[in-house]
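Close look at the chain arrangement
Each chain is listed here by its residues.
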Amino acid sequence: PCIRRVLRQATGLISHSPFNLAVARESHPEGWRAPFRIIPQMVQMPLPVTMGERARLRTERGFKDSDIVVATLGHIAWTKCGDLLLAAVEKMARPAQGNIHLIFAGELARDDFGERLKQKVAASRLGDRVRITGYLDEADYAGWVHAADIAVQLRINSRGGTPRGVLDCMARGLPVVVN
């Protein structure tokens, strides 16, 4: 939760989630002097993308109109259940159905989970229909959001916040599945 030393030295604390304040109070019932404020996480509303621009973004990424693009956005770590998403998309995609793609739009963790996920992707029967993009700058990230048909943002061991990827999807009108 919160580190006592940080709480004692802070002149103020800001969180975008009331959950974090509850955890801090539970973990440190003795309290702290600094005021704690909750400021909702903000996402700037992007300019709308035309159908033509969306088609161009999809074509640039190698997709056809008939393709179904499922994306998960942001840093790819064990807490985001990428292995479960891969297994679910594999079950959903019939062997002869070559139009479902899974995109991990973000940087893969450089740990055991990252290595195992890389191996699972390589062994997947989806083949080249699964991609891990690696680190993306803001423009490339936005391009992947616009190219997707649906996003899946799973989490385990929630810290109570709203993932930025969820807000980005909602701001762009992209359907998003969240647990």
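Residues numbered from 1 in each chain as written. Predicted model: local features only at pLDDT ≥ 70, side-chain atom pairs only at ≥ 80, totals over all residues. Heavy atoms only, no water.

What about the overall build of the protein chain?
Using the following cut-off: Counting from the N terminus, the helices are DSSP H or I runs at least four residues long and the strands are E runs at least two residues long. Remark: exposure states derive from per-residue accessible area (1.4 Å probe, protein chains only) relative to the maximum for the residue type, with buried under 20%, exposed over 50%, and partly exposed in between. In these tables, accessible area is a Shrake-Rupley quantity obtained with a 1.4 Å probe, and a residue counts as shielded only by the protein chains included in the view.
When helices and strands are tallied, the protein chain shows 7 helices and 7 strands. Going residue by residue from the N terminus, the α and β elements of the protein chain occur as α-β-α-β-α-β-α-β-α-β-α-β-α-β. Principal axes of the C-alpha set define a box for the protein chain whose edges measure 60 × 40 × 25 Å. A total of 179 residues make up the protein chain; the buried ones form 39% of that total. When the accessible surface of the protein chain is totalled, it reaches about 11000 Å², and 56% of it is carbon and sulfur.

Some points on the state of the cysteines
Heads up, the condition is: What counts as a disulfide here is a pair of cysteine sulfur atoms lying within 2.5 Å.
Tallied over the entire structure, the rule returns 0 disulfides. Cysteine C81 shares no disulfide, and the gap to the nearest cysteine sulfur, in C169, comes to 16 Å. Assessed through its relative accessible area of 0%, C169 is described here as buried.

What to know about the sheet that holds strand β7 (residues 176-178)
The criterion, for reference: The rule for pairing is simple: two strands pair if DSSP sees at least two bridges between them. Lines fitted to the C-alpha atoms define the axes, with helices restricted to the stretch that makes contact. Angles between their N-to-C directions range from 0 to 180 degrees. We call two residues contacting when some pair of their heavy atoms lies within 4.5 Å.
Sheet architecture is open: 5 strands sit in the order β5-β4-β3-β6-β7, paired in parallel fashion. Looking at which strands have only one partner, the edges of the open sheet turn out to be β5 (130-132) and β7. Geometrically, the sheet is characterised by an average inter-axis angle of 20° between neighbouring strands, direction not taken into account. Note that strand β6 (residues 150-153) and β7 share 3 bridges and pair parallel. Among the inter-strand pairings, A151 is bridged to a residue of β7, identified as V176. Strands in contact with helix α6 (residues 138-147) are β3 (68-73), β4 (100-105) and β5; relative to β3, the strand with the most contacts, it is inclined by about 140°.

Looking at the pairing of β4
In regular strands, side chains alternate between the two faces of the sheet. Most of β4 is tucked away: 6 of the 6 residues are buried. Here β4 shows a buried face lined by I100, L102 and F104 and a second buried face lined by H101, I103 and A105. Relative to β4, β3 runs parallel, the two sharing 6 bridges. Residue pairing for β4: T72 is matched across the bridge by F104.

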